[in-house]
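Overview (structure and organization)
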Amino acid sequence: MSSLRPPAPRPCESCPYRRDVPPGIWSHEEYEKLRRYDAPTPDQPSALFQCHQTDAHDAARRICAGWAGCHDSAHLLALRMGVLDGRIEASTYRAAIEYVSPVPLFSSGSEAAAHGQAHTDQSHEEADRLIAKISRARGDLET
């Protein structure tokens, strides 16, 4: 499996870390993953957080720009472990550490998760549009 590419120049329009993304794009469980990266370094997940726009085995997969921009990347266990076990190149590690988002992001994974999980029982036209776009991009059969 090839290593993850560096973060995109800007977080995708459906990134759960973006302040301007409507709630309810992702499942409750996906939002919960964001909170775990706020923990002290030794208590964080060792899994790299990849952009949701691609499948896990897609050759174009990359580190989530919102994840790199929201968290203090120098203290992300997953980035450190990713270099050590070959899941990312040293240049990708540096790109993630130095990443600055050109769009406003939440200040923590918990803040992003709380926003994403809010009012998910209500239909939101923009959320529905983004869900359909993601499904098409990933080749999902159902939206």
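Look up: the structure comes first, before these words.
Residues numbered from 1 in each chain as written. Predicted model: local features only at pLDDT ≥ 70, side-chain atom pairs only at ≥ 80, totals over all residues. Heavy atoms only, no water.

Here the focus is helix α3 (residues 77–84). Of all the residues in α3, the buried ones are Leu-77, Ala-78, Leu-79 and Gly-82. In this structure, the buried residues of α3 make contact with α2 (65–70) and α4 (90–98). Gly-86 occupies a position one or two residues after α3 and carries a positive phi of about 80°. (Buried < 20%, exposed > 50% of the residue type's maximum accessible area, 1.4 Å probe, protein only. Helix = DSSP H or I, 4+ residues; strand = E, 2+ residues; numbered from the N terminus. Contact = heavy atoms within 4.5 Å.)

In this structure, Ser-3 sits in the segment before α1 (28–36). Residue Ser-3 is classed as buried on the basis of its relative accessible area of 18%. Beyond its immediate stretch of four places on either side in the chain, Ser-3 contacts Arg-61, Gly-86, Arg-87, Ile-88 and Glu-89.

Moving on: the nonpolar core. Judged by nonpolar contacts, the single largest core of 28 residues is most densely connected at Tyr-17, Leu-34, Leu-48, Phe-49, Ile-63, Trp-67 and Leu-79. When residues of this core are traced back to their parent elements, those giving at least two are α1, α2, α3 and α5 (109–117). Looking at this core element by element, the count peaks at four residues for α2. Filtering out sequence-adjacent residues up to four positions away, Leu-48 remains in contact with Leu-4, Tyr-37, Trp-67, Ala-78, Leu-79, Gly-82, Arg-87 and Ile-88. (Core = buried A, V, L, I, M, F, W, Y, C linked by side-chain atoms within 4.5 Å.)

With that settled, consider the pattern of salt bridges. Applying the stated criterion to the full structure yields five salt bridges. Of the charged contacts in the structure, one is a salt bridge between Lys-33 and Glu-30, with a shortest N-O distance of 2.8 Å. Of this pair, Lys-33 and Glu-30 are both found in helix α1, three residues apart, which corresponds to roughly one turn of the helix. The salt bridge partner of Asp-85 is Arg-87, with a shortest N-O separation of 2.9 Å. Given the relative accessible area of 27%, Arg-87 is considered partly exposed. (Salt bridge = Lys/Arg side-chain N within 4 Å of Asp/Glu carboxyl O.)

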